[in-house]
Amino acid sequence: MANNAGPSRREAMRLKAEAEEARARRNSRVLWISLSAVAVAVVVILALVISQTLGKDTPSADQQMPPNATEQFGIELKTRDVEPAADAPHLVIWEEFRCPACASREADYGPAVKQLVDEGKITAEVRTAHFFDPQDGTDNSERAALAAASADAVGKFREYHTTVFESLLATGTGYTDQQLTVDFPAQAGIEGDDLAKFQELYNGRAFADFVKEAGDEFSRSGISGTPTYMVGENKLEFADEASREILIQPTPEDMLRAITEANS
């Protein structure tokens, strides 16, 4: 009787080897597809992260920066026909357009600050926050900041800034669009073509990104409240809280003394 055991075993071994080879090719193909999918997912995630990061720091295409904007999203109080001294100290004023204390401080000390700027003895910038809005459920502070930035675009930031705080002192309330776009510009001396440009910028929210970044900068700064006047890392103290003694008089001379001391 013929013995067929040998060839059968060889055939079985061949089939087994082919099956293992096919399984290996299949596993390799699955692994390659899986790795490709992971690579694509990583690329997509990186793209999203980069896009979101850039989106946070870069204004959208239709956004603008005020002409006198600073690196920390303030607006500089420019001198009038006078070049500031090379060693002039720099004053940073943190404010909120719905802050009554800011309005009072501006009324008392604003003229002295502006005089020092105009004489080239200091440089100064105003940085605005809008933390009152979430508290009272409005957007008064944000809209006032948008309007002030629009006023800077037509060379009237200083006047508009003063006008807004004068209104807050007088009424203690927020601001209507009529006030922000018609009444306040008239009081600040914005008229004609400049008024049309101001209103177009305001209505188009051309400085929305700038105002948002200014608010974010306030959150990052660690400043506890407004008004806060800073020279470098030093905060100006206007009064002794315990004795209520006035530490800085609202005159250009005493303001310059306090700013110079804080700068040393």
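Residues numbered from 1 in each chain as written. Predicted model: local features only at pLDDT ≥ 70, side-chain atom pairs only at ≥ 80, totals over all residues. Heavy atoms only, no water.

Engineer: Help me out: how do you make sense of the pattern of salt bridges in this one?
Structural biologist: If the charged atoms of two oppositely charged side chains come close together, the side chains can form a pair. By the definition in use, this model includes 14 salt bridges. We note a salt bridge from glutamate 119 to lysine 121, for which the minimum N-O separation is 3.2 Å. When salt bridges that share partners are traced, they join Asp139, Arg143 and Asp177 into one network. (Salt bridge = Lys/Arg side-chain N within 4 Å of Asp/Glu carboxyl O.)

Engineer: How do you make sense of the nonpolar core when you look at a structure like this?
Structural biologist: Taken as a class, soluble globular proteins show a tendency for nonpolar side chains to be buried jointly. Membership of the largest hydrophobic core comes to 54 residues, with the highest contact counts inside it found for Leu91, Val113, Tyr160, Leu236 and Met255. A total of eight residues in this core trace back to one element, the largest contributor, which is helix H4 (residues 140-153). Tyrosine 160 has contacts with Ala147, Ala148, Ala151, Leu180, Phe184, Pro185, Ala188, Ile190 and Phe198, leaving out every residue within four places of it along the chain. Listed in part, the six residues of the second largest apolar core include Trp94, Ala129, Phe218 and Met230. (Core = buried A, V, L, I, M, F, W, Y, C linked by side-chain atoms within 4.5 Å. Buried < 20%, exposed > 50% of the residue type's maximum accessible area, 1.4 Å probe, protein only. Helix = DSSP H or I, 4+ residues; strand = E, 2+ residues; numbered from the N terminus. Contact = heavy atoms within 4.5 Å.)

Engineer: Is there a simple way to explain the sheet that holds strand S4 (residues 228-231) in this structure?
Structural biologist: Strands in a sheet are paired, the pairing made by backbone hydrogen bonds, and the direction either parallel or antiparallel. Taken in spatial order, the five strands line up as S1-S3-S2-S4-S5 in an open sheet, and their pairing is mixed. Two strands close off the open sheet at either side, each with one partner strand: strand S1 (75-76) and strand S5 (234-235). As judged from the seven bridges shared by strand S2 (residues 90-96) and strand S3 (residues 123-129), these two strands associate in the parallel manner. Bridging from a neighbouring strand, glutamate 95 pairs with threonine 128 of S3. Along the sheet face, helix H2 (residues 100-118) touches S2, S3 and S4 and points at about 155° away from the line of S2. Contacts from helix H5 (residues 157-171) reach S1, S2 and S3 within the one sheet, and its direction differs from that of S2 by about 40°. (Pairing = 2+ DSSP bridges. Axes fitted to C-alpha atoms, helices over the stretch in contact; angles between N-to-C directions.)

Engineer: Even after reading the chapter, I still don't get the environment of alanine 196, so can you show me in this structure?
Structural biologist: You can see alanine 196 is positioned in helix H7 (residues 192-203). Note: C-alpha distance between alanine 196 and threonine 181 (15 residues apart in sequence) is 9.7 Å.

Engineer: Hey, could you run me through the pairing of S3 in this one?
Structural biologist: It is a general feature of regular strands that their side chains alternate between the two faces of the sheet. Of all seven residues in S3, seven are buried; the element is thus mostly enclosed. Across the two faces of S3 the burial is the same, with Thr123, Glu125, Arg127 and Ala129 and Ala124, Val126 and Thr128 all buried. Judged from the two bridges that link them, S1 and S3 form a sheet pairing that is antiparallel. The residue bridging isoleucine 75 from the neighbouring strand is valine 126, located in S3. Of the crossover connections in this fold, the one passing from S2 over H2 to the parallel S3 is right-handed. (Right-handed = clockwise from strand over helix to strand, strands pointing away.)

Engineer: It is not clear to me how the side chain of glutamine 179 should be interpreted in this structure. Could you clarify?
Structural biologist: Mapping glutamine 179 onto the fold places it in helix H6 (residues 177-188). Judged by relative accessible area, glutamine 179 falls into the buried class, the value being 19%. If sequence neighbours within four positions are ignored, glutamine 179 has contacts with Ser167, Gly174, Phe184 and Pro185.

Engineer: In this structure, what is going on with H6? I would like to understand it.
Structural biologist: Owing to its 3.6 residues per turn, the α-helix aligns residues three or four sequence positions apart on the same side. Over its twelve residues, H6 runs 15 Å from end to end, which matches the ideal 16 Å to within 8%, given 1.5 Å per residue. Along H6, the residues classified as buried are Gln179, Leu180, Thr181, Phe184, Pro185 and Ala188. Down the axis, H6 shows its buried residues gathered within 165° of arc, on one side only. Pointing more than 90 degrees away from the buried face of H6 are the exposed residues Ala186 and Gln187. Positive phi shows up at glycine 189, right after H6, with a value of about 85°. (Expected span 1.5 Å × (residues − 1). Arc of directions from axis to C-beta.)

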